[in-house]
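# Reading the structure
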Amino acid sequence: MSSLNCQQLTTKNAWQFLDSIDTVLIDCDGVLWNSNDTIDGAVETIQMLRKMGKQPIFVTNNSTKSRRQYIEKFNRLGFTVSEDEIFGTAYVAGLYLKHKLKFSGKIYLIGGSGLAEELTIQGIPFIGPGYDHVEEGEDVHNWTNIELDPEVRGVLVGFDPLISFRKVCRAASYLTDPSVPYIATNLDGRLPIPNKGRVIPGTGCLVDFVTKAAARQPTVVGKPNELMFQCVKEKFPLINPERTVMVGDRLDTDILLGKNCNLKTLMVLTGISSLEDVQHNQQSTSQSLQKLVPDFYLPAFGDLHKLVKKE
């Protein structure tokens, strides 16, 4: 299939598409739900895939929740999912530290309860979550002697609505030691929300803050890094990339992960990226942009079960 050919799934080709896959990697925010609202037809599409013998696996860059917390959200929104099927960046970051880096020491964590829970499960101690206030009128030059924990041997940055100038100062200070690994969950610039004219900055904005201050580049564990798919394959070793599709709403994370891992790719239009973005990439002479053209697209993931019902 040409990398620049993006087909809409219809009643004419939906069955052929489904016959060509066994495993479906599915992003969550902007695909299954927006904020706390299920996207129409998403629950029924997951149910249909299971009845057809397909294996759904949920891969999300959202680090705010642990697998346990995600199970609660899936259940609340009407999905039936097992913990083994969930791969969030909080979980993957913990796996990376424990099994890839064989990490020893404390982590300085910019992040919330999801990351904290997954690090605890992996037996990795950490400091950092919560408030680290900056008082009005405080002279930042007094921070030249900011207190640092000598047991901290790594820095992990995820989504943290309690980010502060002092937290960035601590993280960058730990990272002056080149032996201290710098890890980020993901680089998403904004969260997918349905409200037009409103923006919620994503983890990438926080990572940029630390990266600039530290003059270091992080190891990113989330999409489009292949590490996410490697973690999936370790738990599901029989996965055949040629019969796997990545479904997502973002070209630069979901679709690029699929391309990086030689998977089929399906874009939905209920999140960040648009058909105009796809067309721009198709017309570009840049190979990196041409790589961001999905194989297929649908207005919404929930449309897939409707196409099959119509046939």
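Scroll up to find the structure.
Description of the structure in this document.

A separate point is the overall build of the chain. Per the secondary structure count, the chain includes 12 helices and 14 strands. Taking 19 Å as the expected radius of gyration for a compact globule of 311 residues, we find that the chain reaches 20 Å, a close match to that expectation. Each principal axis of the C-alpha atoms in the chain carries an extent, and together these give about 70 × 40 × 30 Å. Considering the chain as a whole, with its 311 residues, one finds that 53% of them fall into the buried category. Once local pairs closer than 6 in sequence are excluded, the contacts in the chain between residues at least 24 apart make up 74%. Total accessible area on the chain is roughly 14,400 Å²; 50% of this is exposed by carbon and sulfur atoms. Between the mean site of the 33 positive side-chain charges and the mean site of the 36 negative ones, the chain shows a separation of 4 Å.

Nonpolar side chains collect at one region of the surface, where Val-134, Val-140, Phe-165 and Phe-209 lie side by side and expose about 330 Å² of accessible area between them. Locating Val-140 in the fold gives a position in the loop between strand 8 (126-127) and strand 9 (152-157). Among the residues examined, Val-140 registers a relative accessible area of 38% and is labelled partly exposed.

What follows concerns the pairing of strand 7 (residues 106-110). Burial of strand 7 is extensive: 5 of the 5 residues sit out of reach of the surface. Side chains of strand 7 alternate between two faces, with Lys-106, Tyr-108 and Ile-110 and Ile-107 and Leu-109 buried alike. Pairing of strand 7 with strand 9 involves 5 bridges; the strand directions are parallel. Looking across to strand 9, one finds that Ile-110 is bridged to Val-157. With 2 bridges joining them, strand 7 and strand 8 adopt parallel strand pairing. Across the sheet, the residue bridging to Ile-107 is Phe-126, located in strand 8.

Moving on, we come to the nonpolar core. One recurring pattern in soluble globular proteins: nonpolar side chains tend to sit buried together. Within the largest apolar cluster, 34 residues are counted, with the highest numbers of intra-cluster contacts made by Phe-17, Leu-32, Phe-74, Phe-79 and Phe-301. Those elements that provide at least two residues to this core are helix 1 (14-19), strand 2 (23-26), helix 2 (42-51), helix 3 (67-76), strand 12 (244-248), strand 13 (264-268), strand 14 (296-298) and helix 12 (303-310). With residues up to four places along the chain from it excluded, the contact list for Phe-301 reads Ile-26, Val-31, Leu-32, Ala-42, Thr-45, Ile-46, Leu-49, Val-247 and Val-268.

A separate point is the packing of helix 4 (residues 89-100) against helix 5 (residues 113-121). It is at 8 Å that the axes of helix 4 and helix 5 come closest, and there the two elements cross at 35°. For the pair helix 4 and helix 5, the sense of crossing is right-handed. Together, Ala-90, Tyr-91, Ala-93, Gly-94 and Leu-97 of helix 4 and Gly-114, Leu-115, Glu-118 and Leu-119 of helix 5 make up the contact between the two elements. Looking at the contact of helix 4 with helix 5 residue by residue, the classes come out as 6 nonpolar, 2 polar and 1 charged.

The next point concerns the packing of aromatic side chains. Enumeration according to the criterion identifies 12 aromatic pairs in this entry. Plain terms: the ring middles of Phe-17 and Phe-296 are 5.1 Å apart, the flat faces sit at 65° to each other, and that makes the pair edge-to-face. Placement of Phe-17 in helix 1 and of Phe-296 in strand 14 is noted, with a sequence separation of 279 residues between them. There is no split in this pair, since Phe-17 and Phe-296 are both buried. On the basis of an interplanar angle of 40° and a centroid distance of 5.3 Å, the ring pair of Tyr-108 and Tyr-174 is categorised as tilted. Placement of Tyr-108 in strand 7 and of Tyr-174 in helix 6 (residues 165-174) is noted, with a sequence separation of 66 residues between them. Side by side, Tyr-108 and Tyr-174 carry an identical accessibility label, which is buried. Taken together through their ring pairs, the aromatic side chains of Trp-33, Phe-58, Tyr-70, Phe-74 and Phe-79 make up a single cluster. Across from the ring centre of Tyr-70, 6.0 Å away, lies the NZ or CZ of Lys-65, which sits over that ring.

Cut-off values and rules
- All chains use their own residue numbering, which begins from 1 and follows the written sequence.
- Thresholds applied to this predicted model are a pLDDT of at least 70 for local features of residues and 80 or more for the giving and counting of side-chain atom pairs; totals over whole chains, interfaces and linings are not thresholded and use all residues.
- Side-chain measures here rest on the full set of heavy atoms in the structure, leaving out hydrogens and waters.
- The secondary structure listing takes helices from DSSP runs of H or I that are at least 4 residues long and strands from runs of E that are at least 2 residues long, numbered from the N terminus.
- As defined in this context, the radius of gyration uses C-alpha atoms, and a globule is described by 2.2 Å times the residue total to the power 0.38.
- Working definition: with a 1.4 Å probe on protein chains only, accessible area under 20% of the residue-type maximum means buried, over 50% means exposed, and in between means partly exposed.
- Contacts were defined at the residue level, with two residues in contact if any of their heavy atoms lie within 4.5 Å.
- Here the accessible surface of atoms and residues is derived via Shrake-Rupley with a 1.4 Å probe, and residues count as covered only by protein chains that are part of the display.
- Charge counting treats Lys and Arg as positive and Asp and Glu as negative, with His and both chain ends excluded.
- Throughout, a charge is located at the NZ atom of Lys, the CZ atom of Arg, the CG atom of Asp or the CD atom of Glu.
- Patch membership is restricted to residues that have no salt bridge and whose relative accessible area is over 30%. Joining uses 9 Å for like charges and 5 Å for the nonpolar side chains Val, Leu, Ile, Met, Phe, Trp and Tyr.
- We count a salt bridge whenever a side-chain nitrogen from Lys or Arg sits within 4 Å of a carboxyl oxygen from Asp or Glu.
- Pairing between strands is defined by DSSP: at least two bridges between the two strands are required.
- Take the buried residues of types Ala, Val, Leu, Ile, Met, Phe, Trp, Tyr and Cys, join any two whose side-chain atoms come within 4.5 Å, and each joined set is a nonpolar core.
- Interaxial angles span 0 to 180 degrees and are taken between N-to-C directions of axes, which are lines fitted to C-alpha atoms, for helices over the stretch in contact.
- In this scheme the handedness of a crossing depends on how the near helix is turned from the far one: anticlockwise by less than a right angle means left-handed, clockwise means right-handed.
- Three classes are used: nonpolar for Ala, Val, Leu, Ile, Met, Phe, Trp, Tyr, Cys and Pro, charged for Asp, Glu, Lys and Arg, and polar for all others, with Gly counted as polar.
- In summary, the pairing rule links any two rings of Phe, Tyr or Trp, Trp by its six-membered ring, whose centres are within 6.5 Å, and it sorts them by plane angle into stacked for under 30 degrees, edge-to-face for over 60 and tilted for everything else.
- For a Lys NZ or an Arg CZ to count as sitting over a ring, it must be within 6 Å of the ring centre and within 35 degrees of the ring normal.

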